[in-house]
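Summary of structural features
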4 protein chains.
Amino acid sequence: MTQDDLRVASHGTPAFKSPLAVRRFAPDDAAVLVNIDCVGGQTPPPLTFEKAGPREQIYFDPAKSRAAIITCGGLCPGLNNVIRHLYYTLRDGYGVPTIYGVRHGYLGLAPNAPLEPMELTSSWVESIHHQGGTMLGTSRGRQEPEVMVDKLIEMGVNLLFPIGGDGTQKGAHAIAVEAQRRQLDLAVVGIPKTIDNDIRFCFQTFGFISAVAEAERVIDRAHVEAKSVPRGVGLVKLMGREAGFIAAAATVASGEVNFCLVPEEPLVLDGPSGFLARLERRLNARDHAVVVVAEGAGQDLIANRDPLAVDASGNRRLGDIGLLLKERIPDHFEAIGNPIGMKYFDPSYYIRSAPANSADSLLTERFARQAVHAAMAGKTDLFVGFWNGRIVHVPLPVSVGKLRRMTPDSELWAAVQAITGQNHW
Amino acid sequence: MTQDDLRVASHGTPAFKSPLAVRRFAPDDAAVLVNIDCVGGQTPPPLTFEKAGPREQIYFDPAKSRAAIITCGGLCPGLNNVIRHLYYTLRDGYGVPTIYGVRHGYLGLAPNAPLEPMELTSSWVESIHHQGGTMLGTSRGRQEPEVMVDKLIEMGVNLLFPIGGDGTQKGAHAIAVEAQRRQLDLAVVGIPKTIDNDIRFCFQTFGFISAVAEAERVIDRAHVEAKSVPRGVGLVKLMGREAGFIAAAATVASGEVNFCLVPEEPLVLDGPSGFLARLERRLNARDHAVVVVAEGAGQDLIANRDPLAVDASGNRRLGDIGLLLKERIPDHFEAIGNPIGMKYFDPSYYIRSAPANSADSLLTERFARQAVHAAMAGKTDLFVGFWNGRIVHVPLPVSVGKLRRMTPDSELWAAVQAITGQNHW
Amino acid sequence: MTQDDLRVASHGTPAFKSPLAVRRFAPDDAAVLVNIDCVGGQTPPPLTFEKAGPREQIYFDPAKSRAAIITCGGLCPGLNNVIRHLYYTLRDGYGVPTIYGVRHGYLGLAPNAPLEPMELTSSWVESIHHQGGTMLGTSRGRQEPEVMVDKLIEMGVNLLFPIGGDGTQKGAHAIAVEAQRRQLDLAVVGIPKTIDNDIRFCFQTFGFISAVAEAERVIDRAHVEAKSVPRGVGLVKLMGREAGFIAAAATVASGEVNFCLVPEEPLVLDGPSGFLARLERRLNARDHAVVVVAEGAGQDLIANRDPLAVDASGNRRLGDIGLLLKERIPDHFEAIGNPIGMKYFDPSYYIRSAPANSADSLLTERFARQAVHAAMAGKTDLFVGFWNGRIVHVPLPVSVGKLRRMTPDSELWAAVQAITGQNHW
Amino acid sequence: MTQDDLRVASHGTPAFKSPLAVRRFAPDDAAVLVNIDCVGGQTPPPLTFEKAGPREQIYFDPAKSRAAIITCGGLCPGLNNVIRHLYYTLRDGYGVPTIYGVRHGYLGLAPNAPLEPMELTSSWVESIHHQGGTMLGTSRGRQEPEVMVDKLIEMGVNLLFPIGGDGTQKGAHAIAVEAQRRQLDLAVVGIPKTIDNDIRFCFQTFGFISAVAEAERVIDRAHVEAKSVPRGVGLVKLMGREAGFIAAAATVASGEVNFCLVPEEPLVLDGPSGFLARLERRLNARDHAVVVVAEGAGQDLIANRDPLAVDASGNRRLGDIGLLLKERIPDHFEAIGNPIGMKYFDPSYYIRSAPANSADSLLTERFARQAVHAAMAGKTDLFVGFWNGRIVHVPLPVSVGKLRRMTPDSELWAAVQAITGQNHW
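By the naming in an unreviewed UniProt entry, chain A goes by 6-phosphofructokinase and is assigned to Botrimarina colliarenosi. Entered under Cofactor (unreviewed entry) in the UniProt record, the comment concerning chain A runs "Mg(2+)".

1. Side note on the overall build of chain A
Helix and strand counts for chain A stand at twelve helices and 18 strands. Rg of the C-alpha trace for chain A: 23 Å, near the compact-globule value of 22 Å for 425 residues, within the 12% margin. The 425 residues of chain A split such that 64% are buried. Considering only contacts within chain A whose residues lie at least 6 apart along the sequence, 76% involve residues at least 24 apart. In the structure as shown, chain A presents an accessible area of about 14600 Å², 50% of it carried by carbon and sulfur atoms. Where the 43 positive side-chain charges of chain A centre and where its 46 negative ones centre are 3 Å apart.

2. Let's talk about the pairing of strand β12 (residues 232-238) of chain D
Two faces, one strand: in a regular strand the side chains alternate between the faces of the sheet. Residue and element names in this part refer to chain D. For β12, the tally of buried residues reaches seven of seven residues, placing the bulk of the element in the interior. Along β12, one buried face is formed by G232, G234, V236 and L238 and the opposite face, lined by V233, L235 and K237, is buried too. Pairing analysis gives seven bridges linking β12 to strand β14 (residues 288-294), with the strands arranged parallel. The partner of K237 across the bridge, within β14, is V293. Relative to strand β15 (residues 341-345), β12 runs parallel, the two being bridged by five bridges. Residue pairing across strands places V236 opposite F345, the latter belonging to β15.

3. Some details on the relation of the copies chain D and chain A
Superposition of the two copies of the chain requires a rotation about an axis together with a shift along that axis. Of the transformation placing chain D onto chain A, the axial shift is 0.0 Å and the rotation is 180°, giving an RMSD of 0.0 Å. Such a combination of rotation and displacement between the chain copies is what one expects of a two-fold axis. Residue N388(D) of chain D places its C-alpha closer to the rotation axis than any other residue of that unit, at 2.4 Å. A symmetric contact is evident, with 100% of the interface residues of chain D recurring at the interface of chain A.

4. Comments concerning the side chain of S361(B)
Mapped onto the elements of the fold, S361(B) is located in helix α10 (residues 358-376). A polar atom in the side chain of S361(B) sits 3.3 Å from the side chain of N81(B). Excluding residues that lie within four positions of it along the chain, S361(B) makes contacts with N81(B), H85(B), A356(B) and A253(C).

5. Observations concerning the sheet that holds strand β15 (residues 341-345) of chain B
All names here are of chain B. On the basis of which strands lie adjacent, the open sheet formed by four strands has the order β13-β14-β12-β15 and parallel pairing. What marks the edges here is a single partner per strand, and that holds for β13 (259-261) and β15. Each strand of the sheet is rotated relative to its neighbour by a mean of 15°, with strand direction disregarded.

6. Brief notes about the interface of chain D and chain A
In this complex, chain D contributes 57 residues to the contact, which on the side of chain A involves 57 residues. Interface of chain D and chain A: buried area, both sides summed, is about 4600 Å²; carbon and sulfur atoms make up 51% of it. Inspection of the chain D/chain A interface yields eight salt bridges. Where chain D meets chain A, there are 26 residue pairs in polar contact (both at pLDDT 80 or more). The greatest single-element share of the side of chain D that touches chain A, amounting to eight residues, is contributed by helix α10 (residues 358-376) of chain D. Partitioned by chemical class, the residues of the side of chain D that touches chain A number 25 nonpolar, 14 polar and 18 charged.

The rules we used
Residues numbered from 1 in each chain as written. Chains lettered and ligands numbered in written order. Predicted model: local features only at pLDDT ≥ 70, side-chain atom pairs only at ≥ 80, totals over all residues. Heavy atoms only, no water. UniProt positions renumbered as here; feature names shortened; annotations may be inferred. Helix = DSSP H or I, 4+ residues; strand = E, 2+ residues; numbered from the N terminus. Rg over C-alpha atoms; globule rule 2.2 N^0.38 Å. Buried < 20%, exposed > 50% of the residue type's maximum accessible area, 1.4 Å probe, protein only. Contact = heavy atoms within 4.5 Å. Areas by Shrake-Rupley, 256 points an atom, 1.4 Å probe, with all protein chains shown as cover. Lys, Arg positive; Asp, Glu negative; His and termini not counted. Charge placed at Lys NZ, Arg CZ, Asp CG, Glu CD. Pairing = 2+ DSSP bridges. Least-squares fit on C-alpha atoms with pLDDT ≥ 70 in both. Polar contact = N/O pair within 3.5 Å; in protein donor to acceptor, adjacent residues only side chain to side chain. Axes fitted to C-alpha atoms, helices over the stretch in contact; angles between N-to-C directions. Buried area = accessible area lost by both parts, 1.4 Å probe. Salt bridge = Lys/Arg side-chain N within 4 Å of Asp/Glu carboxyl O. Nonpolar A, V, L, I, M, F, W, Y, C, P; charged D, E, K, R; others polar.

Below, the structure is given as structure tokens:
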């Protein structure tokens, strides 16, 4: 990756004075170091992200602007907060008179959209942040960039905010490219949304910590069940297709998990150092165990799975590792003549449809506000990322298509290992 | 049922002055009318339950008494609260010096018990009420009354408090009968525990309203999911084997449910007035729907189900109506060429392992305290029931084996019908 | 009290067939025994309340009816639930076309009302039950019945539902009397609202158990503070002007309170058996203590208090017992040279503005639905009470002006004494 | 500040191989850039913090080590989590055999300590993280470093972990200096604790986001109260002596606050651009308002305040700005003949005694684990700080005595201004 890869696309020279009453505008060459870790007294070479923030000169005339907000893919705590903060920053901050909410994701920009875009109002957004889900509706799957850009032109939109995961940001990039091809003044500024926290160049996405909090509740209940019967096991399946961040963070937060299985680590069931033997030794020693498994773990164990199959959002189809363990674990203990009492928890939709907690409310505000600043300044083909505590402009091409995963020597995974002691049994 | 059926077994004439410093003792002939509804100016015939309360004269000498507490069957919010209140009333109220906690239900009184009974202490019980589950452990299944009574004799127990559902109370009755056969001075006073709220002569059992509160949370999430996609359906399976009280009460409390399916009402899927056609009309009109199904509903729809099969607790084995609907509903809409987006929620263990909320904390206190009063007074072969707002003594023979169900013309079911409007589509 | 006192006023013979599709209508002579406790084999004399429920014949033509809902006095969890259930039962159940929400209590019926009554709609009520407070607004104080009835005539209202405490029900009675004087067909059916749970002939009012749950949270925090410092005391002031129900129930639910001070019991601070000496002995023995005081306790201790002063709602003005104890307790321990670390908690508004929990959601539904049934049947000058587990019609004259208090020999107070052991120090 | 100021004190060359089974140890010259913002293409000069992490070679022999944990000052969510993670990392990670819990802060190291240090055990720490407060107890005020070091020598402690705010870290520094004077092998590694989030070189302290979440609940209730009466005002006093982080973050998270008053901004009550006039214009326009005030705001408005007075912890004594506003606001509106309905909320202890939420559970784990790594490596006279997303070693001398405050042009304060619009009225 070079500094050129991190250069943000822009519509041109900002021409308007910002209407914002902020104390300090961000100079346009403000930047944030990408690498901040030094070893051996060496400062890392100064690769930087463009820093987010309100610019004093902006590219678009707010009074003549029209914005569109769009939410795509699976639910995630905080979607309504993002919508609300985008709306208020656009309307009360910049004075943008018209803000559309596109219904049901990119489908709402397609000719067969079930519902037309709606014009948002203050009374409509006023209390939506107390609710989970998205008041605009969502859908999965891609639409043709050509027809979406046609629709945006028809609506007169020059500011587009797609909220969604990797697939959505791919779509945002396609729209930006198509707009550039037509030489349209359309700023496309994405807001990354992934409950799995697996977007590259975004340390933490909104909704993640709310999901961890809900997962922790479930783990606590699994712990209660496990401790209430002889040889009790609580098995909890959590989200995490390619990355086990939720499973790992909930394990650390709860402090009650004994085995945490994630996609980043190979899962071996059998043999003396396999998971089943370790679980057996744990149960013999302590009489109960709590096991957390991320949905993407152990996919090679699932028979007849087509590793190339994908769903409407382009994500690979997963086999159900939860159900596999739900069968294999009791079978193992039946087979050795020392049965267990296992309870299985599969909370998935319950977790992702929760409202945002305070930590995520704060994070959504930062993403949404900075996304508006970027778009008003004429930036495009980027998303707002969260990097070393700063909000930065991440060009879509450097992130999309490359998921972030937990590294085996990360601080989080070290914490999981230490807290569970799962390799010591 | 006659007044004779409601007569409570007693060990004999109370001989000791109660050590309690209460302002007003309950006279032993205090009673509560069973029927309090009058029609046509007719007072109902005066059938009564014996009223619970502290007696001024008690049968057992507290200083020479030993108590045992035992929790059986599935988890239920409030078990630890009951244990704690039994302990404090016995020890601090009456001065009973030794209180055992039997481990893992009736299994803990059997020769093959994995753990011996433990002697409870104040520091052990002090904070247990903040936790779900049972700190004593539980198990399913019956044990021979003879061996259990042998064990109780060995322990020197004269006050036994079995906490559990219908199966547990059957076991309590068997112990009481066996003790009477041996002319043992053993008071057996049950505390009804059933998250399904289906125990006869108990309007409301502890844990029920906590379970409803947890179920309401899940329903709210299902509502969020259903509203977030075109033609969205949230399907929630809740507990309720023979009685749909949780499903019905959560439906009324939440106010977001459109169809509530319970064991008490036949479930017809097909045909113009069947559930699928009603759901179709609802979706066409409103674009989303929330469906709640109690696990015991629609059992006749499940192929290859053996209607006589029972589990270790003697409950009939149920087919999984949740999974059946999870398949049948989307299939129906696929078949008519108008597919839906359905999300399935099966929270079961999550709900029952919750800690007790305030309402249930209050109820557990009443049950536990009155159970101790009854036992100290020498009453036996009964459970403490909740009737018309009073705690009463219910002889085990009039309740066990006969589950309580929601009647079709009850106020609760009328509320469900009115709130869902499920028969109007 | 005689049976005549319990006779409910009625507009006349019901003339219309009910449009409700209920399975069983309530016969008009359905009644509920007032007293259900028997002693010495004596059945109590058959004094009865009229039983609530949908009547098959109703007095008012729904299609020509107009209803008004009004919320008065202090906030209480569940007000929005009551409004919502009244609305749905009137509109979807009976087909009443016009339902007004009066703004800011009785003030909204006065000539100087800041806001005119609003016509309620389904989209307005749809989600209000998730919020605390009252979406209609409230106010304190009485208005002249003549001008209120003038306003109701102007609005064409024949069904009036005042939701409020004793003062509000007095106002409801005055409206009913004025309507009768003018021979108006106006049904006045109150719904009792009092977070203090002090309304006569209503075992439990809505909002009470939600308030207890919130109070329990505060008590838990006070317990944490008290245990964190040497000689720590947590002092919590709770609502309860004339009756200590919240303080007592929260004490029992929490299990962490050591002294519970209520208006029903005299409070003596000084002397060897006074509260301060008991607290001292408790602290010497256990090093921490949690004290709960209801706001109406110990009023005679407050200097310069005018015992005849009343507020806008006609409630007597209270001195602040919380502040008095906040000073007197540390002063006492300073004086004896053994100071303590005290933390004071005064959560009041925090508690009453909470949304209803599940238990209260269920209760509000019962009150609201039955109130509509009563009004449609032509009953008037009553409120819907909760008695021995049944909803009943309570004529306003037998309840208003006489508050319910906790009796010293009640089961609740006995539980408080046993759990705190406050008289043993 | 120079790089020399950031050099961490160390006992000497690490001599032992770490017993930890981590995948990657941190090299001892690992560092984190202090400044990561660049402007005008200039990389900031490479000032760095030493990076936290497990070292491969450690200074102390774990088998011969004794640790002591100590919690000081006011309560804060997460104290028990820190204790628990310190314990597990020391005992299960490194194999340190003896871990003391000092009782009631530094007082527990003084000759007049009410309780001797206790030896912690796994069963004691197992579930403490579910509770607020500190199980070790706390106290305010300094003790002489000489007597504390005497006590630590008597106990044989070589690893000391003081958890507390600026005053506590000053004490930690004094202990480290005294130990160095005596040439003692005592590692002193602080863990910053301040609910106000005002410690220098620590972007976010544990407990802060839990406090914000609790504050948000209170604000929501204040909003409910304010909207329920004509001209309703909800006034909420929150913690924040020198820094308004809690008030600001809760304002942003809640989205319902109209005025946020913090110590960092001068508070002017009177005059046309004063707070009271702005509030008046807001009320005239919108009929309700929510006001949040941090306890340290507007101190110059408080008459007779001694600006030099300090409390036992060395914090300056504050006047009660909450009570002042509680009087001044209604007085103003009385005076202009247009009274308001104001409700005052002062939740303080309620907020700080809450248990840690998931986000804080995760943060406590990072602080605690890295503190142990630092101490085992022989580092001393430092605390573990949180900087640009990394845990770093902050020498105590560069932080203590200099509180962190919110800067007027920070992103957080800009968000507060935008969301409240408080300067637009």
